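# Chain and residue survey
If you want the building blocks of each chain, they are given just below.
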Amino acid sequence: LGLSEGQITKLASGNVPGNLLNQFAMDEYKNVIRIVTTLDSSVQRIYTDGVDTYEYDNTSANALYTLDLNLKVLGKSENAAKAADVTGVSIDGDIGYLDPFGQGDPLFAVDLTNAASPRILDTLKIPGFSEYLHVFKDNLLLGIGYNADDTTGQMQGVKLSMFDTTDKSNVKEVNTASVDASWTIVGSNHKAILVDAEKNLIAFPADSAYFIYRYTADNGFTLAARVGMTADLSSWNLRGLFIGDYFYVLGDSGVTVISLSDFTVLTTVKLG
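Rules of the game
Residues numbered from 1 in each chain as written. Predicted model: local features only at pLDDT ≥ 70, side-chain atom pairs only at ≥ 80, totals over all residues. Heavy atoms only, no water. Core = buried A, V, L, I, M, F, W, Y, C linked by side-chain atoms within 4.5 Å. Buried < 20%, exposed > 50% of the residue type's maximum accessible area, 1.4 Å probe, protein only. Helix = DSSP H or I, 4+ residues; strand = E, 2+ residues; numbered from the N terminus. Contact = heavy atoms within 4.5 Å. Pairing = 2+ DSSP bridges. Axes fitted to C-alpha atoms, helices over the stretch in contact; angles between N-to-C directions. Phe/Tyr/Trp six-rings, centres within 6.5 Å; stacked < 30°, edge-to-face > 60°. pLDDT = per-residue confidence, 0-100. Patch = residues over 30% accessible without salt bridge, like charges linked within 9 Å, V, L, I, M, F, W, Y side chains within 5 Å. Areas by Shrake-Rupley, 256 points an atom, 1.4 Å probe, with all protein chains shown as cover. Salt bridge = Lys/Arg side-chain N within 4 Å of Asp/Glu carboxyl O. Polar contact = N/O pair within 3.5 Å; in protein donor to acceptor, adjacent residues only side chain to side chain.

### Concerning the nonpolar core
Membership of the largest hydrophobic core comes to 27 residues, with the highest contact counts inside it found for Ile202, Phe204 and Phe221. Contributing elements (two or more residues each) for this core: strand 12 (129-137), strand 13 (140-148), strand 14 (155-164), strand 17 (201-206) and strand 18 (209-216). It is strand 13 that provides the largest number of residues to this core, a total of five residues. Residues contacting Phe221, with those up to four places away along its chain left out, are Leu142, Leu160, Ser161, Met162, Asn175, Thr176, Ala177, Ile202, Tyr213, Arg214 and Tyr215. Listed in part, the 14 residues of the second largest apolar core include Leu201, Met229, Phe247 and Phe263.

### So, the sheet that holds strand 17
Read from one edge to the other, the open sheet built from four strands follows the order 16-17-18-19, with strand pairing classed as antiparallel. Strands at the two margins of the open sheet, each flanked by one partner only, are strand 16 (194-196) and strand 19 (220-228). Along the sheet, successive strands turn relative to each other by an average axial angle of 20°, direction set aside. Looking at chain direction, strand 18 and strand 19 are connected through eight bridges and run antiparallel. Counterpart to Arg214 in the pairing with strand 19 is Thr222.

### Observations concerning unusual backbone geometry
The backbone of Asn31 sits at a positive phi, close to 65°, despite the residue not being glycine. Here Asn31 is to be found in the loop between strand 4 (26-29) and strand 5 (32-48). Backbone geometry places Asn139, a non-glycine residue, at a positive phi of 70°. For Asn139, the location among the structural elements is in the loop between strand 12 and strand 13. Residue Asn139 is classed as partly exposed on the basis of its relative accessible area, which comes to 34%.

### Description of the packing of aromatic side chains
Per the counting criterion, the structure on display carries seven aromatic pairs. Considering the side-chain rings of Tyr210 and Phe247, the 6.0 Å spacing of their centres and the 45° angle between planes classify their relative orientation as tilted. In this pair, Tyr210 is assigned in strand 18 and Phe247 in strand 21 (residues 246-250), connecting sequence segments 37 residues apart. Since its relative accessible area comes to 0%, Phe247 is described here as buried. Aromatic ring contacts, followed pair by pair, group Phe136, Tyr215 and Phe221 into a single cluster.

### A look at the confidence of the model for the protein chain
Detailed conclusions should not be drawn from predicted coordinates in areas where pLDDT is low. Mean pLDDT over the protein chain: 84, with 87% of residues reaching 70 or higher. Of all secondary-structure elements in the protein chain, the lowest mean pLDDT belongs to strand 8 (residues 85-92), at 70, while strand 16 reaches the highest, 96.

### Some thoughts on a nonpolar patch on the surface
Residues Leu1, Leu3 and Ile8 make up a contiguous nonpolar surface patch of about 410 Å² in total accessible area. If you trace the backbone, Leu1 turns up in the segment before strand 1 (2-4).

### Focus: the side chain of Ser259
Relative to the elements of secondary structure, Ser259 occurs in strand 22 (residues 254-259). Residue classification places Ser259 among the buried residues on the basis of a relative accessible area of 9%. Of the polar contacts made by the side chain of Ser259, one reaches the side chain of Ser261; its length is 2.7 Å. What Ser259 contacts, discounting residues up to four positions off in sequence, is Asp245, Thr264 and Leu266.

Right under this line is the structure:
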């Protein structure tokens with residue numbers, strides 16, 4: 001679409017198979033559009049000998065497509081992580097990262113340098129999966145998601161991961177932390193997480209609390225503060241921000257102020 005003086009015009013149209021996970025699954029870089037999709041299909045079989053018996057097969061496959069500005073497909077990489085939905089996507093310049101959910105499915109690093117021929121550089125099998133991927137700083141990729149049982153895929157609590165992407169063909173999970181929570185909204189709403197590498201802050205809500213972590217290569221993830229917000233029905237609406245030397249956690253029930261110098265809680269102002 002083109003936009004000029006309030007007028008919207010159609011410039012091009014195109015299509016690729018599958019569904020988008022979220023806005024991070026599509027971007028434009030150097031006049032090339034990159035799209036990550038998940039294609040779900042299902043088959044129903046009916047057997048009868050007087051009584052009908054139903055059998056269902058559900059399958060998923062993931063793909064990455066590159067398109068020009070006329071929305072014509074330039075290249076593609078299909079059938080990565082069969083039988084799993086992509087849960088986290090991050091496209092960083094010439095490299096794309098895909099984290100699918102499935103039993104034993106790995107994190108994928110995809111080389112996008114040649115738009116006509118995207119290719120998988122590395123697959124990293126890790127316990128659990130990330131629902132949100134964020135470039136923390138050069139050669140470090142932050143993931144937030146869940147621990148999961150390798151056999152059943154059952155989720156086992158919130159997990160932080162830090163990946164070293166220095167060697168794109170050999171991505172490594174260098175640090176992890178298990179968060180004392182069973183659920184976080186971050187995977188559904190990226191606005192709920194605050195990541196600032198310069199201030200060394202990784203802050204997000206989970207269950208009925210707000211967590212602030214710091215990260216160093218030597219010590220990994222360190223919990224700097226945990227603010228209980230039990231007066232809130234859930235962490236759905238919890239948000240954090242910093243102004244100067246203070247960090248503010250805002251919820252339906254009130255505002256908590258934290259010192260960024262030592263992460264002590266200074267005060268809580270009740271609302272309502």
